[in-house]
Amino acid sequence: MELKQPYLLFLGDAADPLAAKVAQGIKTWRPNSCVGQLRLEGCNADVGLEDLTIDHAVQAGAKTLVIGVANRGGIISEQWISVLIEALEAGMDIAAGLHNKLADIPQLVACAEKHGRSLFDVRYPTQSYPVASGIKRSGKRLLTVGTDCSVGKMYTSLAIDKEMQAQGLDSDFRATGQTGILITGSGVSVDCVVADFIAGAIESISPANDENHWDVIEGQGSLFHASFAGVTMGLIHGSQPDAIVLCHEPTREHMRGLPDYSLPELAPCIEANLAAAKLTNPNVQCVGISVNTSNLSEEEALRYMDKVESAFDIPVVDPFRQGVSRIVAKLKEL
């Protein structure tokens, strides 16, 4: 799967900024691959790119329209179809990471065939994966885990990988979601792998490696999220992590999409993830906590992180505000 760049990021009618996290991730980590954004009426997200029409995007060189929305249920809205057809007719390919496949929409398939364009459903694996073996493999692996969904696991993973490489360490980011795949061009969207093969898929994308090589594996979901805990568990076992980093957003009133479920406390969350990880790596450690403090002032954020760090005696950082060098320093000790 090879996506043509640059991209036009389609935000559609995203209900809130978090719903456009796919577009935001691409813009943050591959800004030179983006010519602009396209938003429909009622869109409540903005990733800070120039708003362009389809025609203006093509004139700016856009080759692929990327659906940058991760809405609940992963549905391609009927309101989007006319825009997607316009993009195909104008000469762009379309890429999406939603549960609802582009290839399952007859109008899009017919239009793509007519105009010689391609439809990329990056969420769906194009290969088969084995059942996990659990056999100890060489190399080192870090997995980001979360108190909830959409708390910064991908951002933290990418930031750690970038910092490790900047310090001359041998590392690779391993994408497990559609945004990560769109950013890096490879990986597996683990939430679309049949349950029996989730751990095996993660073993496959983070295989045995040199003793000092680190795979930084993007986490998904949360062990405490009633909807997605199963995906998280498979990721934990397949990753066989030497280290985990807990990601957290402290201002939420409940689990994302589940108003009847409150967020877990940090200590039992760390304990539960470590207990699960010890099945395939008894020596796993929690080496840091990554806090998304975007809804806190600078003073509030620093006060909160100082409090958490005092309680757990491991580095507590906001990757956006402070970077992750302190977590990388902890990894060097392993």
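All of these numbers come straight from a predicted model, not from anything done at the bench.

### A closer look at the nonpolar core
Of all hydrophobic cores here, the largest spans 42 residues; its most connected members are Leu 9, Leu 11, Ile 26, Leu 142, Ile 160, Leu 182 and Leu 331. Elements with a contribution of two residues or more to this core: β1 (7-12), α1 (21-29), α5 (153-166), α6 (178-184), β8 (214-217), β9 (243-248) and α12 (325-331). With five residues, α5 is the single largest residue contributor to this core. Among the nonpolar cores identified, the runner-up in size contains 33 residues, and Val 190, Ile 198, Ala 276 and Val 308 belong to it.

### Concerning the pairing of strand β6 (residues 140-146)
Counting buried positions along β6 yields seven of seven residues, so the element is predominantly enclosed. Burial of β6 is two-sided: the residues Lys 140, Leu 142, Thr 144 and Gly 146 facing one way and the residues Arg 141, Leu 143 and Val 145 facing the other way are all buried. Inspection of the sheet shows β6 paired to β8 by four bridges, in the parallel sense. Bridge assignment links Leu 142 to a residue of β8, and that residue is Val 216. Where β6 meets β9, five bridges bridge the pair, whose relative direction is parallel. Paired with Leu 143 across the bridge in β9 is Ile 244.

### Considering the environment of Ala 276
In this structure, Ala 276 sits in helix α9 (residues 266-277). For the pair Ala 276 and Met 233, spaced 43 residues apart in the sequence, the C-alpha separation amounts to 7.2 Å. If we ignore the near neighbours within four places in the chain, the residues touching Ala 276 are Leu 223, Met 233, Ile 236 and His 237.

Parameters and conventions
Residues numbered from 1 in each chain as written. Predicted model: local features only at pLDDT ≥ 70, side-chain atom pairs only at ≥ 80, totals over all residues. Heavy atoms only, no water. Core = buried A, V, L, I, M, F, W, Y, C linked by side-chain atoms within 4.5 Å. Buried < 20%, exposed > 50% of the residue type's maximum accessible area, 1.4 Å probe, protein only. Helix = DSSP H or I, 4+ residues; strand = E, 2+ residues; numbered from the N terminus. Pairing = 2+ DSSP bridges. Contact = heavy atoms within 4.5 Å.

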